[in-house]
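So you can see what is in the structure, the chains are spelled out below.
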Amino acid sequence: MTQFRNIVILTGAGVSAESGIDTFRDGGGLWERHRVDDVATPEAFARDPGLVQRFYDMRRAAIQEKVPNAAHMALARLDQAWPKKGMGRTVTLVTQNVDDLHERAGASVIHMHGEHLKAWCTLCDTRSHWRGPLIDGPPCPACGARALRPDVVWFGEMPYHMDRIHAALRSADLFVSIGTSGAVYPAAGFVQSARDLGARTLELNLEPSQGSRWFHETRLGPASELVPEWVEEMLAG
Ligand code: OAD
């Protein structure tokens, strides 16, 4: 494993599942109980902002009661220890998750689908840290306008930080996907990009993802077991 220098890790809802945060597409997942078109598109927000705000208010409150699990802790350990193993080694952790469990575990993370704990003012474009509800239309801390929305990426919107992510993929020699179904692009396409660019590709997931065939190696099991094992391998090598 020490032949690797630059690692890009993509995480999805499966990494937070054992912290008690619902995934989207597993049996009983969020998208079985709520229609994407009702709560996760700009059109839904324009049509019924109250319904959308209530949905995200509930999720924002719920994640604050959860704590990082062994997978988050192991990734934070890798993030901190890997650069110390040799000059120029990098770990880029990219998450589709909008919870804050990676950073609470101590990792630095790129949130490509936004963050539950931020509100975005659609008038002045400021993003503010936010823990409470948005349903009552509180004023933007920067401009005072009552125009805040959840700072999460909805279907039909462009994910964040794509330039940084593509730059990291270009220099990656190992791409690792953890706890994601591979159903949502552009994240689902990162494995192909990384592989085309010469990286080795590894999947850690409860079951084979939709893009499983693109991975050189797939390990199946719960993230809280697979991720610490893999991190130990990386740091031991
Ligand atoms: P999904 O719900 O689509 O997939 C979760 C994946 O995690 C599945 O492949 C599960 O098998 C796996 N999984 C579940 N529990 C696990 C565990 N304990 N250990 C390891 N793996 C486990 O979630 P995502 O792939 O993250 O986007 O979904 C991608 C995007 O779709 C989300 O970011 C969200 C959603 O719609 C937006 O809202 C824009």
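Just so you know, these numbers come straight off a predicted model, no measurement behind them. (Residues numbered from 1 in each chain as written. Predicted model: local features only at pLDDT ≥ 70, side-chain atom pairs only at ≥ 80, totals over all residues. Heavy atoms only, no water.)

1. Digging into the overall build of the protein
Stage number 1. Counting its regular elements, the protein contains ten helices and nine strands.
Stage number 2. For 237 residues, the compact-globule estimate of 2.2 N^0.38 gives 18 Å, and the protein sits close to it at 18 Å.
Stage number 3. Among the 237 residues that make up the protein, the fraction classed as buried is 51%.
Stage number 4. Of all intrachain contacts in the protein linking residues separated by at least 6 positions in sequence, the fraction that spans at least 24 positions is 66%.
Stage number 5. In the form shown here, the protein has an accessible surface area of approximately 11000 Å², with 53% of it arising from carbon and sulfur atoms.
Stage number 6. Computed over 25 positive and 29 negative side-chain charges, the inter-centroid distance for the protein is 4 Å. (Helix = DSSP H or I, 4+ residues; strand = E, 2+ residues; numbered from the N terminus. Rg over C-alpha atoms; globule rule 2.2 N^0.38 Å. Buried < 20%, exposed > 50% of the residue type's maximum accessible area, 1.4 Å probe, protein only. Contact = heavy atoms within 4.5 Å. Areas by Shrake-Rupley, 256 points an atom, 1.4 Å probe, with all protein chains shown as cover. Lys, Arg positive; Asp, Glu negative; His and termini not counted. Charge placed at Lys NZ, Arg CZ, Asp CG, Glu CD.)

2. Regarding empty space enclosed by the protein
Stage number 1. Inspection of every chain in the model, using the stated rule, returns one cavity of 30 Å³ or more.
Stage number 2. Considering only enclosed or pocket space, the largest cavity measures out at about 100 Å³ in volume.
Stage number 3. Surrounding the largest cavity, 14 residues form its lining, Ser177, Thr180, Gly182, Ala187 and Ala188 being those nearest its centre.
Stage number 4. Here the residues of the lining of the largest cavity are counted per class, giving eight nonpolar, six polar and no charged. (1 Å grid on protein atoms, 1.4 Å probe; cavity = no way out; pocket = protein on both sides within 12 Å on 5 of 7 lines; lining within 4 Å. Points joined across faces, edges and corners; volume = space filled by probe spheres on them. Nonpolar A, V, L, I, M, F, W, Y, C, P; charged D, E, K, R; others polar.)

3. Observations regarding the site of the ligand
Stage number 1. Around the ligand, 24 residues are found, and the nearest of them are Ala13, Phe24, Arg25, Thr180 and Ser181.
Stage number 2. In this structure, Gly179 approaches the ligand through a main-chain N or O atom, which is 3.3 Å from an oxygen atom.
Stage number 3. Here Thr180 contributes a side-chain N or O atom positioned 2.6 Å from an oxygen atom of the ligand.
Stage number 4. Taking 800 Å² as the accessible area of the ligand by itself, protein coverage stands at 94%.
Stage number 5. Among the residues making up the shell around the ligand, the classes are represented as ten nonpolar, ten polar and four charged.
Stage number 6. Three or more residues apiece are contributed to the shell around the ligand by two domains, here domain 1 (1-21 + 68-113 + 158-237) and domain 2 (23-65 + 124-152). (Near = heavy atom within 4 Å. Polar contact = N/O pair within 3.5 Å; in protein donor to acceptor, adjacent residues only side chain to side chain. Domains from an automatic or database assignment.)

4. Some thoughts on the environment of Arg77
Stage number 1. Relative to the assigned elements, Arg77 resides in helix H6 (residues 70-81).
Stage number 2. Ignoring any residue separated from it by four or fewer positions in sequence, one finds Arg77 in contact with Glu232 and Leu235.
Stage number 3. Here the side chain of Arg77 touches Glu232 through a polar contact of 2.6 Å, side chain to side chain.

5. Description of the layout of surface pockets
A water-sized probe rolled over the atoms picks out the places where empty space is left.
Stage number 1. Taken as a whole, the second largest pocket spans an internal volume of roughly 170 Å³.
Stage number 2. Every residue lining the second largest pocket is listed: Gly20, Ile21, Asp22, Leu30, His34, Phe55, Met58, Arg59, Ala62, Ile63 and Lys66.
Stage number 3. Among the elements that make up the lining of the second largest pocket, the one with the highest residue count is helix H5 (residues 49-63) (five residues).
Stage number 4. Among the residues forming the lining of the second largest pocket, the class breakdown is six nonpolar, two polar and three charged.

6. What about the domain arrangement of the protein?
Stage number 1. Annotation of the protein at the domain level lists domain 1 (1-21 + 68-113 + 158-237) and domain 2 (23-65 + 124-152).
Stage number 2. Once you take the C-alpha centre of each, domain 1 and domain 2 turn out to be 26 Å apart.
Stage number 3. Contacts between the two partners involve 14 residues from domain 1 and, on the opposite side, ten residues from domain 2.
Stage number 4. Buried surface at the junction of domain 1 and domain 2, both sides included, amounts to about 910 Å², of which 56% is carbon and sulfur.
Stage number 5. Among the residues of domain 1 in contact with domain 2, Ala13, Ile21 and Tyr160 are the three that bury the most area, contributing 41% of the side total.
Stage number 6. On inspection of domain 1 and its partner domain 2, the count reaches zero salt bridges. (Buried area = accessible area lost by both parts, 1.4 Å probe. Salt bridge = Lys/Arg side-chain N within 4 Å of Asp/Glu carboxyl O.)

7. Notes on the sheet that holds strand S1 (residues 6-11)
Stage number 1. Reading across from one edge, S3-S2-S1-S7-S8-S9 is the order of the six strands in this open sheet, with parallel pairing throughout. If you trace the sheet from one side to the other, it starts and ends with strand S3 (110-111) and strand S9 (217-220), each paired once.
Stage number 2. Sheet strands touched by helix H8 (residues 162-171): S1, strand S2 (90-95), S3 and strand S7 (174-178). Its angle to S1, the strand with the most contacts, is close to 130°. (Pairing = 2+ DSSP bridges. Axes fitted to C-alpha atoms, helices over the stretch in contact; angles between N-to-C directions.)

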